[in-house]
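Structural features, examined
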Amino acid sequence: MASETFVVAYDGTDRTVVDYAARRAEASGAALCLIHVLQWSPYSFLTPQELDERRMRRRQELERAKTALVDPIVAELQAAGLTVEGEIRFGSPTAVILEVARDRGACQIFVGRTGKSGLENKIFGSVTLGLAQAATIPTVIVP
């Protein structure tokens, strides 16, 4: 059993962060927790029928992300001999990643850096910057 856990924030667009974290985990014997966060805003002013439809769409989105993004990578890394778990959650990416790292007792977080402009980051926020500022454990930013 691995003595350390690395949390890997995977947005589904670029596997570079996953591959880098996997190499580090293999070298150190750490386990990986691959986390993919889906942003989902709760609307409390919807009708009961609309809320049911949103719940159904949410379940569909979770299943799609699981089967298309997370499960194939987890299976591939496990076949390579690594200890890996995948997790998909809804919410604010920075907050969810920090929560998973805390709950798993992670010793490092790995996150990719996107090519967004400074203006986009100011308007929409940046998970990478948020983790760099708020994480209480080392955070590796992978270009």
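Up top you'll find the structure we're talking about.
My aim in this report is to walk through the structure given alongside it, one point at a time. (Residues numbered from 1 in each chain as written. Predicted model: local features only at pLDDT ≥ 70, side-chain atom pairs only at ≥ 80, totals over all residues. Heavy atoms only, no water.)

**Observations regarding the packing of helix α3 (residues 93-104) against helix α5 (residues 127-134)**
- Contact pair α3 / α5: the axes reach a minimum separation of 9 Å and the direction vectors enclose 45°. Classified by the angle their axes make, α3 and α5 are oblique. Note on packing geometry: the crossing formed by α3 with α5 is right-handed. Contact residues: Pro93, Thr94, Ile97 and Leu98 in α3; Val127, Gly130, Leu131 and Ala134 in α5.
- Class assignment of the residues belonging to the contact of α3 with α5 gives a composition of six nonpolar, two polar and no charged. (Axes fitted to C-alpha atoms, helices over the stretch in contact; angles between N-to-C directions. Helix = DSSP H or I, 4+ residues; strand = E, 2+ residues; numbered from the N terminus. Parallel < 35°, antiparallel > 145°, perpendicular 65-115°, else oblique. Left-handed = near helix turned anticlockwise from the far one by under 90°. Contact = heavy atoms within 4.5 Å. Nonpolar A, V, L, I, M, F, W, Y, C, P; charged D, E, K, R; others polar.)

**A look at the pattern of salt bridges**
- Applying the stated criterion across every chain, the model contains nine salt bridges.
- Between arginine 104 and glutamate 87 there is a salt bridge, with the nearest N and O atoms lying 2.8 Å from each other. Of the two residues, arginine 104 sits in helix α3 while glutamate 87 sits in strand β3 (residues 84-90), which places them 17 residues apart along the sequence.
- Owing to a relative accessible area of 29%, arginine 104 belongs among the partly exposed residues under this scheme.
- Taking the relative accessible area as the measure of exposure, glutamate 87 reaches 13% and is therefore buried.
- The partner of aspartate 103 in a salt bridge is arginine 102, with the nearest N and O atoms 3.2 Å apart.
- Here the residues in one salt-bridge network are Glu85, Glu87, Arg89, Glu99 and Arg104, joined through shared partners. (Salt bridge = Lys/Arg side-chain N within 4 Å of Asp/Glu carboxyl O. Buried < 20%, exposed > 50% of the residue type's maximum accessible area, 1.4 Å probe, protein only.)

**Structural notes on the nonpolar core**
- Membership of the largest hydrophobic core comes to 24 residues, with the highest contact counts inside it found for Val8, Val18, Leu32, Leu34, Leu77, Leu82 and Phe110.
- For this core, the elements supplying multiple residues, two or more each, are β1 (5-9), α1 (16-28), β2 (31-38), α2 (48-79) and β3.
- The dominant element in this core, judged by the number of residues it contributes, is α2, at six residues.
- Those residues within four positions of leucine 32 in sequence are excluded, and the remaining contacts are Phe6, Val8, Ala21, Ala22, Ala25, Leu77, Leu82, Thr83, Val84 and Glu85.
- Among the nonpolar cores identified, the runner-up in size contains 14 residues, and Val37, Ile109, Leu131 and Ala135 belong to it. (Core = buried A, V, L, I, M, F, W, Y, C linked by side-chain atoms within 4.5 Å.)

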